[in-house]
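Overview (structure and organization)
Now for the letters of each chain:
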Amino acid sequence: MLDETLLDAPDALTGADTHGLLRKAAASGARARTALRHATEAGLTELRPDGRPRAILVAGTGPAVACVADILAAFGNGAVPVTLLHPAGSLPDPGALRWTLPGWAGPLDLLLLATPDGHEGGLTALAEQAYRRGCTVVSVSPAPAPLAEATIQARGLAVPLAEVPGEHYEGPDPRDAYERQTPAPPAAPGLLWALLTPLLALADRLGLAAAGPEGLAALADRLDRVAERCGPAAPTYGNPAKTLAAELSDALPLLWSEGTVAAAAARHFATTLTSLVGRPALAALLPEALTAHGALLTGSFAGAEDTDDFFRDRVDEPETMRARIVLLREGPPAAHSAAVAARDLAYGHGTPVSELEPAEGSTPLEATAELLATVDFAAVYLALAGGERR
């Protein structure tokens, strides 16, 4: 169960936050600005490509990489296929993972490597394999790490990873700067923007997204506003992230989305709830979600209470996880929206519904920032007040 009293106790929240998750979430805007500056200094924003690649391949470590691929695909709108390369290996250790290019990959394709580590031998080998195939390589990783060097040797573009502002990793040698003194959970918020921002700038140069410097600056500003609205000092009644965390305290989240960006946010939320909070969650697109998850609204996860014996003793009964639908949209529902049918189905089965939607008039970049940042804060509050990461 969620300790809801902790949500409105900022000092207690900070004390429970041993990994600095709230600070990392609040620093997302600053990290996006640093990432954009690194991309500019690396020459990425001044690229003059001859045309679009045939395909974009994405590889890396950590839960954020899948969201990077999802967002790039959403902004590309099918103009260029985006494929996430999944690793193979006998161990979950990043050093034991190996990636392989598809057999068709060649000079017309672009390989994007994104990692907070940069010492994965498998990614270094993948960069070398891409060079032999003639693929263009762009990486976002710590500057002194081997992956950045391998990217340069492959005649690619290496963008330094933006660190969390205020954190400096010191070692006896500058090349040891990648080593974290206090390891954070793999799904810690903020890292996504360090990886995604430079690649959005690249997508802008390729003509796949309207993500120029001004648009990315607006994205960082929106991240700052979400941090103000969703931060620990903001009370629950006016804080959408705390409200969502409280609503999901004993629920099985069914994350139903409308739109490609909202779908990416839903999948990211499901991944973060699983890897950071230890909470199962399911994501699905509307209208397919109505049939894909419909049985969960009538089975053992149904929201309606059993009233056969109202006076029975419930003290020793185990807590029951009930389904709760979270509707994620990129904007107000259109006339043909499936959101109305989703609400009708939910309320017909006594299933509660939460809704997330960016501020009216948001650009696609701002909508992306608001949705992702809000669900990140909500996951952190669930982790802290639920006791999973204390």
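Residues numbered from 1 in each chain as written. Predicted model: local features only at pLDDT ≥ 70, side-chain atom pairs only at ≥ 80, totals over all residues. Heavy atoms only, no water.

Turning next to the overall build of the protein chain. When helices and strands are tallied, the protein chain shows 14 helices and nine strands. The buried share of the protein chain, taken over its 390 residues, is 52%. Counted over contacts in the protein chain with a minimum sequence separation of 6, partners at least 24 positions apart contribute 77%. Summing over all exposed atoms, the protein chain offers an accessible surface of approximately 17,100 Å²; the carbon and sulfur share of this is 54%. (Helix = DSSP H or I, 4+ residues; strand = E, 2+ residues; numbered from the N terminus. Buried < 20%, exposed > 50% of the residue type's maximum accessible area, 1.4 Å probe, protein only. Contact = heavy atoms within 4.5 Å. Areas by Shrake-Rupley, 256 points an atom, 1.4 Å probe, with all protein chains shown as cover.)

Of all the eight residues making up strand β8 (residues 322-329), seven are buried; the element is thus mostly covered by neighbouring parts of the structure. Relative to β8, strand β6 (residues 251-258) runs parallel, the two being bridged by eight bridges. Among the inter-strand pairings, Trp256 is bridged to a residue of β8, identified as Leu327. What joins β8 to strand β9 (residues 353-356) is helix α13 (residues 339-348), and the crossover it makes is right-handed. (Pairing = 2+ DSSP bridges. Right-handed = clockwise from strand over helix to strand, strands pointing away.)

This part is about the packing of helix α5 (residues 64-76) against helix α8 (residues 191-205). In contact at an axis separation of 10 Å, α5 and α8 are set at 25° when each is read in the N-to-C sense. As far as their axial angle goes, α8 and α5 are roughly parallel. The way α5 lies across α8 gives a crossing that is right-handed. Along its contact with α5, which presents Ala64, Cys67, Val68, Ile71, Leu72 and Phe75, the element α8 presents Leu192, Leu195, Leu196, Leu199, Leu200 and Ala203. Its residues assigned to classes, the contact of α5 with α8 comprises 12 nonpolar, no polar and no charged. (Axes fitted to C-alpha atoms, helices over the stretch in contact; angles between N-to-C directions. Parallel < 35°, antiparallel > 145°, perpendicular 65-115°, else oblique. Left-handed = near helix turned anticlockwise from the far one by under 90°. Nonpolar A, V, L, I, M, F, W, Y, C, P; charged D, E, K, R; others polar.)

Read from one edge of the open sheet, four strands run β7-β6-β8-β9, paired in parallel fashion. If you trace the sheet from one side to the other, it starts and ends with β7 (282-285) and β9, each paired once. Between one strand axis and the next, the sheet turns through 25° on average, direction left out of account. Of the strand pairs in this sheet, β6 and β7 are connected by four bridges, and their pairing is parallel. The residue bridging Leu255 from the neighbouring strand is Ala283, located in β7. Across the sheet, helix α10 (residues 240-247) is in contact with β6, β8 and β9; its angle to β9 comes to roughly 155°.

All of the buried residues along helix α7 (residues 146-153) are Leu147, Ala148, Ala150 and Thr151. The buried residues of α7 occupy an angular sector of 160° when projected down its axis, which confines them to one face. In α7, the exposed residues that point more than 90 degrees away from the buried face are Ile152 and Gln153. Packed against the buried residues of α7 are β3 (109-114), α6 (121-133), β4 (136-141) and β5 (157-160). Residue Arg155 follows α7 closely and has a positive phi angle near 60°. (Arc of directions from axis to C-beta.)

The biggest cluster of nonpolar side chains holds 93 residues, and the ones touching the most others in it are Leu72, Leu112, Trp193, Leu200, Phe269, Leu328 and Phe377. In terms of residue count, helix α14 (residues 364-385) provides more of this core than any other element does, 15 residues in total. Sequence-distant contacts of Trp193, defined by excluding residues within four places in its chain, comprise Ser28, Ala32, Ala35, Pro198, Leu219, Leu223, Thr368, Ala369 and Leu372. Leu57, Ala105, Cys135 and Val137 belong to the second-largest nonpolar core, a separate cluster that totals 17 residues. (Core = buried A, V, L, I, M, F, W, Y, C linked by side-chain atoms within 4.5 Å.)

With that settled, the discussion passes to the confidence of the model for the protein chain. Predicted coordinates in regions of low pLDDT should not be interpreted in detail. Of all residues in the protein chain, 89% have pLDDT values of 70 or greater, and the mean over the chain is 89. This model gives residues 168-181 a pLDDT under 50, and the stretch forms 14 contacts once residues within four places in sequence are excluded. (pLDDT = per-residue confidence, 0-100.)

Tracing the backbone shows Ala241 in helix α10. Ala241 gets classed as buried once you look at its relative accessible area, which sits at 0%. Here the alpha-carbon distance between Ala241 and Val380, two residues 139 residues apart in the chain, equals 9.0 Å. Here Ala241 is in contact with Cys230, Thr374, Phe377, Ala378 and Tyr381, once residues within four sequence places are set aside.

Another aspect to go through is the packing of α5 against α14. It is at 12 Å that the axes of α5 and α14 come closest, and there the two elements cross at 150°. Comparing their axes, α14 and α5 come out roughly antiparallel. The handedness of the crossing between α5 and α14 is right-handed. The segment α5 lies against α14, with Cys67, Ile71 and Phe75 engaging Pro364, Leu365, Thr368 and Leu372. In the contact of α5 with α14, the residues fall into six nonpolar, one polar and no charged.

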